[in-house]
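# Overview (structure and organization)
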Amino acid sequence: MYMYVSLVYYPIHTLGPGIRAGLWTQGCSIKCKNCISQHTWYPLPKHKISIHTLSEIINSYPTDKLTISGGEPLDQAQQLIELLKLVKPTKKDILLYTGYNLREYKNKNPLIWEQLKNLVDVIIDGPFIWGLESELIWKGSENQKMYILNPKLKETYLEYKAKTKNKNLQLIYHEQELFLVGIPYQKDYYELTKLKFS
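In this report, the structure presented in the accompanying data block is examined. (Residues numbered from 1 in each chain as written. Predicted model: local features only at pLDDT ≥ 70, side-chain atom pairs only at ≥ 80, totals over all residues. Heavy atoms only, no water.)

With that settled, consider the layout of surface pockets. Reported here for the largest pocket is a volume of approximately 880 Å³. In this structure, the largest pocket is lined by 42 residues; those nearest its centre are Cys35, Ile36, Ser37, Ser69 and Gly70. Contributing elements (two or more residues each) for the lining of the largest pocket: strand E9 (177-181) and helix H6 (186-193). Taken as a whole, the second largest pocket encloses approximately 350 Å³ of empty space. Lining the second largest pocket are 16 residues, with Val5, Ser6, Lys46, His47 and Glu175 sitting closest to its centre. Sorting the residues of the lining of the second largest pocket by element identifies strand E1 (2-12), strand E3 (48-50) and E9 as the ones contributing at least two each. It is E1 that provides the largest number of residues to the lining of the second largest pocket, a total of four residues. (1 Å grid on protein atoms, 1.4 Å probe; cavity = no way out; pocket = protein on both sides within 12 Å on 5 of 7 lines; lining within 4 Å. Points joined across faces, edges and corners; volume = space filled by probe spheres on them. Helix = DSSP H or I, 4+ residues; strand = E, 2+ residues; numbered from the N terminus.)

Right under this line is the structure:
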């Protein structure tokens with residue numbers, strides 16, 4: 001089985017508490033307006049990697065913390081579940097970002113949810129909405145919500161949930177590509193990229 005992956009990397013100092021591994025899937029059916037990760041929307045053959053190889057890479061990182069973002073990870077839900085089964089033994093703090101509304105997704109995909117809820121510890125859901133600025137470090141727009149599924153991590157994530165943006169972002173140069181890791185203020189992202197939004 002294969003997944004489409006934009007980037008897998010360690011160490012990540014943003015997108016969750018502590019020093020983490022990061023996985024960004026490739027491919028997104030949601031395509032939020034002015035998304036910071038438009039480069040992850042379309043999967044290409046170069047993005048294809050076997051789940052076994054991907055799990056070996058993730059398990060080799062000296063951290064028990066993993067953040068999964070995209071793209072849209074749940075567009076590859078069954079592949080994601082198979083990957084999570086292979087990395088869960090070494091990762092005790094798995095944070096999943098999804099642009100789907102979790103309540104709606106659970107209702108439409110109950111069989112996937114039954115597996116997923118036992119493999120991830122925290123979920124941040126909801127589409128990115130340009131214009132709904134958030135002061136909080138963990139989300140790009142105010143509509144997004146955090147669900148702490150693992151009670152052992154409740155204290156850690158309640159503390160993280162209250163943190164405001166500090167403008168600390170991470171730049172990664174990997175295989176001749178530059179990646180911006182973290183969640184900037186919308187206004188700062190606009191200034192950074194000088195994109196002309198329609």
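Next comes the rest of the write-up.
Time to look at the pairing of strand E8 (residues 170-174). Here E8 runs beside E9; their pairing, made up of five bridges, is antiparallel. By the bridge assignment, His174 is partnered in E9 with Glu177. Count of turn residues in the E8/E9 antiparallel hairpin: two residues, of which Glu175 carries a positive phi of about 50°. (Pairing = 2+ DSSP bridges.)

As a further point, take the packing of aromatic side chains. Summed over all chains, the structure comprises five aromatic pairs. Relative to Tyr61, the ring of Tyr10 lies with its centre 5.5 Å away and its plane at 20°, an arrangement referred to as stacked. Remark: Tyr61 occurs in the loop between helix H1 (51-60) and strand E4 (65-69) and Tyr10 occurs in strand E1; sequence separation between them is 51 residues. By relative accessible area, Tyr10 is classed as partly exposed at 25%. Taking 6.3 Å as the distance between ring centres and 75° as the angle between the ring planes, the aromatic pair formed by Trp41 and Tyr42 counts as edge-to-face. Look at Trp41 and you get buried, because its relative accessible area is 14%. By relative accessible area, which is 52% here, Tyr42 ends up exposed. Geometry around Tyr185 places Lys165 over its ring, the cationic atom sitting 5.5 Å from the centre. (Phe/Tyr/Trp six-rings, centres within 6.5 Å; stacked < 30°, edge-to-face > 60°. Buried < 20%, exposed > 50% of the residue type's maximum accessible area, 1.4 Å probe, protein only. Lys NZ or Arg CZ within 6 Å of the ring centre and 35° of its normal.)

Turning our attention to the sheet that holds strand E6 (residues 122-125). Across the sheet, which stays open at both edges, the seven strands sit in the order E3-E1-E2-E4-E5-E6-E7 with mixed pairing between neighbours. Sheet topology places E3 and strand E7 (145-148) at the edges, where each strand pairs with a single neighbour. Each neighbouring strand pair of the sheet contributes to a mean axis angle of 30°, computed without reference to strand direction. In this structure, E1 lies alongside E3, joined through three bridges in antiparallel fashion. In the strand pairing of E3, Met3 is matched with Ile49. The strands touched by helix H2 (residues 77-87) are E1, strand E2 (20-25), E4 and strand E5 (93-97); relative to E1, the strand with the most contacts, the crossing angle is about 40°. (Axes fitted to C-alpha atoms, helices over the stretch in contact; angles between N-to-C directions. Contact = heavy atoms within 4.5 Å.)

Moving on: the pattern of salt bridges. Applying the stated criterion to the full structure yields six salt bridges. Across the pair Asp64 and Lys65 runs a salt bridge whose closest N-O atoms are separated by 3.2 Å. A relative accessible area of 25% means that Lys65 is categorised as partly exposed. (Salt bridge = Lys/Arg side-chain N within 4 Å of Asp/Glu carboxyl O.)

Here we come to the environment of Asn107. Inspection of the secondary structure puts Asn107 in helix H3 (residues 102-108). What makes Asn107 exposed here is its relative accessible area of 64%. Spatially, the C-alpha atom of Asn107 lies 24 Å from that of Met3, the residues being 104 residues apart in sequence.

Here the focus is a nonpolar patch on the surface. Taken together, Ile36, Leu169, Leu171, Tyr173, Leu178 and Leu180 make up a surface patch of nonpolar side chains, about 590 Å² in accessible area. Elements supplying a minimum of two residues to the nonpolar patch: E8 and E9. Structurally, Leu171 can be placed in strand E8. (Patch = residues over 30% accessible without salt bridge, like charges linked within 9 Å, V, L, I, M, F, W, Y side chains within 5 Å. Areas by Shrake-Rupley, 256 points an atom, 1.4 Å probe, with all protein chains shown as cover.)

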